[in-house]
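# Commentary on secondary and tertiary structure
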Amino acid sequence: MTSEALLEILNRIQRTKCETNTLELKSACFGCPKKLYDTFSSFSNQDEGGIIIFGVEEDDNFRQTGVYDPQDLQKKIGEQALQMEPVVRPLMTVAEKDGKFFVSAEIPAMDLGERPCHYRGHGRLKGSYIRIGDRDEQMTEYEIYSYDAFLKKYQDDVRVVPRATLSSLDQAAVNLYVDRLRHSKPNLSRLGDKEIYELMSITRDGNVTLNAALLFSPYPQAYFPQLSITAIVVPGREIGDLGAQGERFMDNKRIEGPIVDMLEAALSFVGKNMRTKTIIDPHTGRREDKTDYPMTAVREAILNALVHRDYSIHTEGMPIQLIMYEDRMEIRNPGGIYGRMKIDQLGKVQPDTRNPVLAGALEVMGLTENRYSGIPTIRKAMAERGLPAPVFADERGAFVVKFYKEGEEPKEDRKIPAGESPMMERTGGDLIDFCQTPRTREEICDFLDLKSKAYAINTYVTPLVREGQMKLLFPDTPRSRSQRYVSVGEETGE
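Residues numbered from 1 in each chain as written. Predicted model: local features only at pLDDT ≥ 70, side-chain atom pairs only at ≥ 80, totals over all residues. Heavy atoms only, no water.

## Digging into the sheet that holds strand 20 (residues 398–404)
Pairing is mixed across the open sheet formed by six strands, whose spatial order is 14-13-17-18-20-19. The sheet is open, and its two borders are formed by strand 14 (251–255) and strand 19 (391–395), each paired with just one other strand. Here the average twist between neighbouring strands, direction ignored, is 15°. Note: strand 17 (residues 320–324) against strand 18 (residues 328–334), four bridges, orientation antiparallel. Bridging from a neighbouring strand, M324 pairs with M329 of strand 18. Helix 9 (residues 259–273) rests against strand 13 (229–233), strand 14, strand 17 and strand 18 of the sheet, and its axis sits at about 170° to strand 14. (Pairing = 2+ DSSP bridges. Helix = DSSP H or I, 4+ residues; strand = E, 2+ residues; numbered from the N terminus. Axes fitted to C-alpha atoms, helices over the stretch in contact; angles between N-to-C directions. Contact = heavy atoms within 4.5 Å.)

## As for empty space enclosed by the protein
Under the counting rule described, the total for this entry stands at two cavities of 30 Å³ or more. What the largest cavity holds in volume is close to 60 Å³. Lining the largest cavity are A149, Y154, D156, D310, Y311, S312, Y338, R354 and N355. Each residue belonging to the lining of the largest cavity can be placed in one class, and the counts come to four nonpolar, two polar and three charged. Counted as a void, the second largest cavity has a volume near 40 Å³. Forming the boundary of the second largest cavity are L214, L227, S228, I259, M262, L306, R309, Y311 and I320. For the lining of the second largest cavity, the per-class residue count stands at seven nonpolar, one polar and one charged. (1 Å grid on protein atoms, 1.4 Å probe; cavity = no way out; pocket = protein on both sides within 12 Å on 5 of 7 lines; lining within 4 Å. Points joined across faces, edges and corners; volume = space filled by probe spheres on them. Nonpolar A, V, L, I, M, F, W, Y, C, P; charged D, E, K, R; others polar.)

## Re the packing of helix 10 (residues 295–308) against helix 12 (residues 374–384)
Packing of helix 10 against helix 12 brings their axes to within 8 Å, and their N-to-C directions diverge by 155°. The pairing of helix 10 with helix 12 is recorded here as roughly antiparallel in orientation. In terms of crossing hand, the pair formed by helix 10 and helix 12 is left-handed. The residues of helix 12 that touch helix 10, namely those facing T296, A297, E300, A301 and N304, are G374, I375, T377, I378, A381 and M382. Per-class residue counts for the contact of helix 10 with helix 12 are six nonpolar, four polar and one charged. (Parallel < 35°, antiparallel > 145°, perpendicular 65-115°, else oblique. Left-handed = near helix turned anticlockwise from the far one by under 90°.)

Spelled out as structure tokens, the structure:
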């Protein structure tokens, strides 16, 4: 980056007073921070990389103090970067502002094949970090495993199920599948059943695979109780909202059985709990029933979750979650996006397949096309109904699909570029409405779903106060424990 770009970021920091997922602030007034490893690791392990700015006192209202010695600081930053595995190569810039010097270190993203970047002194399991909002958090064992699973092409869908036997499978279903294989794949037509079992991963060395148990066992949950779907209907917009009689769920069901049965049962659950509007065409008199969500999109989303969820030992205790809220429906799938795919590439480029054997078997059975058409089909079905575009999110250890009802507006977080404020994009107007009644720091923090009161006030409230849209109820004692914040123009009485 240029010195001018660094100065612009410093000016933004003065306005926004916050860090982001790609911006970390460090004090370096009296020396180089001793532990940069966490941030080196987290920035290297995300596709956007990140920037560390030295010379800003975050704990002192983001006061810009400058650095003790830009030359020595760059040297010590480089020494710490050499302790990473793979080695981090920061690009450093120096700029002068108000007679003080500031240093930035741009941390480039590591190639997926080299991740997770970690601090060599702590090892891979304890020295790997991920960026969550404005924090560096230690990676879980599963997050580290996910890199290996992709790079080494682990096939968890064909791992052996020790307790399962061929006699425990639905033999009629197995025979039908083998007949379809012989019909659709002429090269298999002359092979015996047991040879086909091994070749097509129904068995491995005579042992039943997870793929076979999920497709042909009458009850796969006997071996893996949580490889199921938990489906609930919430009487509100968030988990914890209660109904008129204090009920937490208006419907609650655990959906089990082989994949085919789980798909049909999940669709039945959604159909039962959706509203259906009857519309009469005034010109033709023809009646049309419209549900909250198009079943074509719902089917693709549930099927994608069943086919592409993570079936490793790390997630076998996690069911797929189907949650119907007042304004939306969410399908939460254990295992984030697989491989090099990014959210904005979904439906546009051919993805790597986490469970290729399972996906291929379901294609033979006629349940899926296995042509990567699921995401485009979902988007098209929602658009044809005039509904908000579906939201796809890659969270820590989960892939989430969200469908919103007609008239509802998705309010999703986005990753914030370095130096840019997240304020107003998502919560500014909502916060002003919320503070029509004077609110405490704790109430505002809860409303924003944040843990840090200081971060909530500095990031969201202070800019609104500065712009004259909100004010302190007790301006003479800004740090008072009884302080309240209220929208300008509203009543300010207790």
